[in-house]
Amino acid sequence: MNNWSWEYVGDILPDLLHGLWITVQATLLGSLVAFALGLVWALALRSPSRWVTWPVSIVVEFVRNTPLLVQLFFLFFVLPGWGLTFNPLTTGVIGLGLHYSTYTAEVYRAGIDGVPEGQWEAATALSLPRRRTWTAVILPQAFRRVVPALGNYVIAMFKDTPMLAAITVAELLFQANSISATTFDYMEPITVVGVLFIVISYPTSLLLRALERRLVR
């Protein structure tokens, strides 16, 4: 069994921190895609037209019920055969965003359904246009309810970013594996990766809990 070397940790830390920065970028950009696209899915699924709801429902269920890794492989290895090529990080962001958008859509749906019926009736009584009803009355109240749940999906996405190593995104685990393959020493790189994930995830979870308590008052 190898002895722990702090000197070795100091040597590899800059590369691991660079990988962490890529991981954070993928998480934040993927979250933006997931939040925006999830809202599109949620609103489309409330459409009175079956020509809208059926196709969207099929897409959402298909994405939700297939593994993220399969989706990443499809985007990275299959789409180029159809003339659609993205760099690894962009592919990872699209894959994460698309996958998690199907879950944020359900969060938005629950938030919208949680808006009291009286708010809809008040908007109707004031003769507000449908778009104005959504943007000024319904969505602001729904967003307040769903912020903690959306934050939990950001954490989940952050912990799923190691899958991006499979499509050569130089995120945190990819950097650790590259270092270990060169030095044949896995203990320090993998341990530091675990610690860095905890250092980011745990405080974020605490902040979300505090935010949730504040919003439900």
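Criteria and thresholds
Residues numbered from 1 in each chain as written. Predicted model: local features only at pLDDT ≥ 70, side-chain atom pairs only at ≥ 80, totals over all residues. Heavy atoms only, no water. Salt bridge = Lys/Arg side-chain N within 4 Å of Asp/Glu carboxyl O. Helix = DSSP H or I, 4+ residues; strand = E, 2+ residues; numbered from the N terminus. Buried < 20%, exposed > 50% of the residue type's maximum accessible area, 1.4 Å probe, protein only. Phe/Tyr/Trp six-rings, centres within 6.5 Å; stacked < 30°, edge-to-face > 60°. Lys NZ or Arg CZ within 6 Å of the ring centre and 35° of its normal. Axes fitted to C-alpha atoms, helices over the stretch in contact; angles between N-to-C directions. Parallel < 35°, antiparallel > 145°, perpendicular 65-115°, else oblique. Left-handed = near helix turned anticlockwise from the far one by under 90°. Contact = heavy atoms within 4.5 Å. Nonpolar A, V, L, I, M, F, W, Y, C, P; charged D, E, K, R; others polar. 1 Å grid on protein atoms, 1.4 Å probe; cavity = no way out; pocket = protein on both sides within 12 Å on 5 of 7 lines; lining within 4 Å. Points joined across faces, edges and corners; volume = space filled by probe spheres on them.

Caption draft 1: View of the pattern of salt bridges. In total, this model carries 4 salt bridges according to the counting rule given. The residue Arg46 makes a salt bridge to Asp113 at a minimum N-O spacing of 2.8 Å. Note that Arg46 is positioned in the loop between α1 (6–45) and α2 (50–64) and Asp113 in helix α4 (residues 88–113), a separation of 67 residues in sequence. A salt bridge links Arg64 to Glu61; its shortest N-O distance comes to 3.5 Å. With Arg64 and Glu61 both in helix α2, this residue pair falls 3 residues apart, about one helical turn. The exposure class of Glu61 is partly exposed, given its relative accessible area of 37%.

Caption draft 2: Representation of the packing of aromatic side chains within the structure. Going through the model one piece at a time under the given rule, you end up with 8 aromatic pairs. Aromatic pair Trp4 and Trp6: ring centres 5.5 Å apart, planes at 70°, arrangement edge-to-face. Seen in terms of ring centroids, Phe158 and Phe197 are 4.8 Å apart; in terms of plane orientation they differ by 50°. Their pairing is tilted. In this pair, Phe158 is assigned in helix α6 (residues 130–160) and Phe197 in helix α8 (residues 187–215), connecting sequence segments 39 residues apart. Here Phe158 falls in the buried class, since its relative accessible area comes to 5%. Using a relative accessible area of 13% as the deciding quantity, one classes Phe197 as buried. Chaining the aromatic ring pairs together yields one cluster made of Phe73, Phe76 and Phe77. A cation over an aromatic ring shows up here: Arg64 above the ring of Tyr103, its NZ or CZ 5.8 Å from the ring centre.

Caption draft 3: Molecular detail of the packing of α1 against α2. The geometry of α1 relative to α2 is characterised by a closest axis approach of 8 Å and an angle of 140° between their N-to-C directions. The angle between α1 and α2 places the two elements in the oblique class. Read as a crossing pair, α1 and α2 show a hand that is left-handed. Listed contacts from α2 to Trp41, Ala44 and Leu45 of α1 are Val52, Thr53, Val56, Ser57, Val59 and Val60. Residue classes in the contact of α1 with α2 are distributed as 7 nonpolar, 2 polar and no charged.

Caption draft 4: Layout of the environment of Thr182. With respect to the element layout, Thr182 can be found in helix α7 (residues 172–183). Taking the C-alpha atoms as reference points, Thr182 and Gly83, 99 residues apart in sequence, are found 35 Å from one another.

Caption draft 5: Structural context of the layout of surface pockets. Estimates place the volume of the largest pocket at around 180 Å³. What lines the largest pocket is simply Val24, Thr27, Leu28, Gly151, Val154, Ile155, Phe158, Ile200, Ser201, Thr204 and Leu208. When residues of the lining of the largest pocket are traced back to their parent elements, those giving at least two are α1, α6 and α8. The residue inventory of the lining of the largest pocket, partitioned by class, reads 7 nonpolar, 4 polar and no charged.

None of this, on its own, says anything about what the molecule does.
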